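# Examination of the molecular architecture
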Amino acid sequence: GIALFLTVILLFVVFQFPRLNQKIKLSTTLTGAIPLPVLGTCLIIAFCIKIPLFSITKSIYLPAFCLGLHLCTVWFRTLESQLHLFLPLSAVNGARARGIPEIHVFFRYLFIPLAGSIASFLGSELGTLLSGSVLIELIFQWNGLGALLLQSVHERDYPLIEITLLLITLVTISSQQLGYWAQRHLQGNRTS
């Protein structure tokens, strides 16, 4: 949720202020290049030690923000290129000429028509989200599927490893199929 929220905000800023596009692309590229363990450690130092807003191990917000920020960088680059390919074909210029507020123009004439493609992309990215959550659980000492998988590997509990990997695989495949279904369904409604 946080990654999608951050991505939509960045897409709207680029839509509203196109001159900031290169600066946002550069900052997302630099943020995305930072490995997740390093980003998590930097956020712990910044928001738990220097500015003590969060507890290191008791707050869910900092791990969620860390994973969301990391995923946002990839999602922004991909969705931004789709939006710019669709922009000349959309009714954005006509809506702006009629004086419709920019936020309505962005969502109604640009973001919503691409919802099928966006859903398909985000569905395929759930595997990345699950793999990133393993690292986040280790950095922030949260118990979850990643910690269970790591513990079962250390204990050589092969049935638990198989079940955990099967569960991750099923969730990833299901989310991809749901994304493809949403893409077909939303594009079918748009052409009708």
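All values derive from a computational prediction rather than experimental measurement. (Residues numbered from 1 in each chain as written. Predicted model: local features only at pLDDT ≥ 70, side-chain atom pairs only at ≥ 80, totals over all residues. Heavy atoms only, no water.)

### Things to note about the layout of surface pockets
The computed volume of the largest pocket comes to approximately 410 Å³. Taken together, 21 residues make up the lining of the largest pocket; nearest its centre are Gly1, Ala64, Leu67, Leu71 and Leu129. Looking at the lining of the largest pocket, the elements that each hand over two or more residues are helix 1 (2-16), helix 4 (61-86), helix 7 (115-124) and helix 8 (126-140). By residue number, the principal contributor to the lining of the largest pocket is helix 4, which donates six residues. Of the residues belonging to the lining of the largest pocket, the class tally is 14 nonpolar, five polar and two charged. (1 Å grid on protein atoms, 1.4 Å probe; cavity = no way out; pocket = protein on both sides within 12 Å on 5 of 7 lines; lining within 4 Å. Points joined across faces, edges and corners; volume = space filled by probe spheres on them. Helix = DSSP H or I, 4+ residues; strand = E, 2+ residues; numbered from the N terminus. Nonpolar A, V, L, I, M, F, W, Y, C, P; charged D, E, K, R; others polar.)

### Considering the nonpolar core
The tendency in soluble globular proteins is for nonpolar side chains to be buried as a group. The biggest cluster of nonpolar side chains holds 33 residues, and the ones touching the most others in it are Leu11, Cys66, Phe106 and Leu110. Elements that contribute at least two residues to this core include exactly helix 1, helix 3 (36-50), helix 4, helix 5 (92-97), helix 6 (102-111), helix 7 and helix 8. Element by element, the count of residues in this core is highest for helix 4, at nine residues. Apart from residues lying up to four places away in sequence, leucine 11 is in contact with Phe76, Leu79, Glu80, Leu83, Phe106 and Phe111. (Core = buried A, V, L, I, M, F, W, Y, C linked by side-chain atoms within 4.5 Å. Buried < 20%, exposed > 50% of the residue type's maximum accessible area, 1.4 Å probe, protein only. Contact = heavy atoms within 4.5 Å.)

### Side note on the environment of histidine 84
Here histidine 84 lies in helix 4. Take histidine 84: its relative accessible area is 38%, and that puts it in the partly exposed class. C-alpha of histidine 84 to C-alpha of arginine 184: the two residues are 100 residues apart in sequence and 21 Å apart in space. Ignoring any residue separated from it by four or fewer positions in sequence, one finds histidine 84 in contact with Val14 and Asn21.

### Overview of a nonpolar patch on the surface
A cluster of nonpolar side chains, Ile45, Ile49 and Ile56, forms an exposed patch at the surface whose accessible area comes to about 250 Å². As for its placement among the helices and strands, isoleucine 56 is situated in the loop between helix 3 and helix 4. For isoleucine 56, a relative accessible area of 36% translates into the label partly exposed. (Patch = residues over 30% accessible without salt bridge, like charges linked within 9 Å, V, L, I, M, F, W, Y side chains within 5 Å. Areas by Shrake-Rupley, 256 points an atom, 1.4 Å probe, with all protein chains shown as cover. Salt bridge = Lys/Arg side-chain N within 4 Å of Asp/Glu carboxyl O.)

Interpretation in functional terms is not warranted from these geometric data alone.
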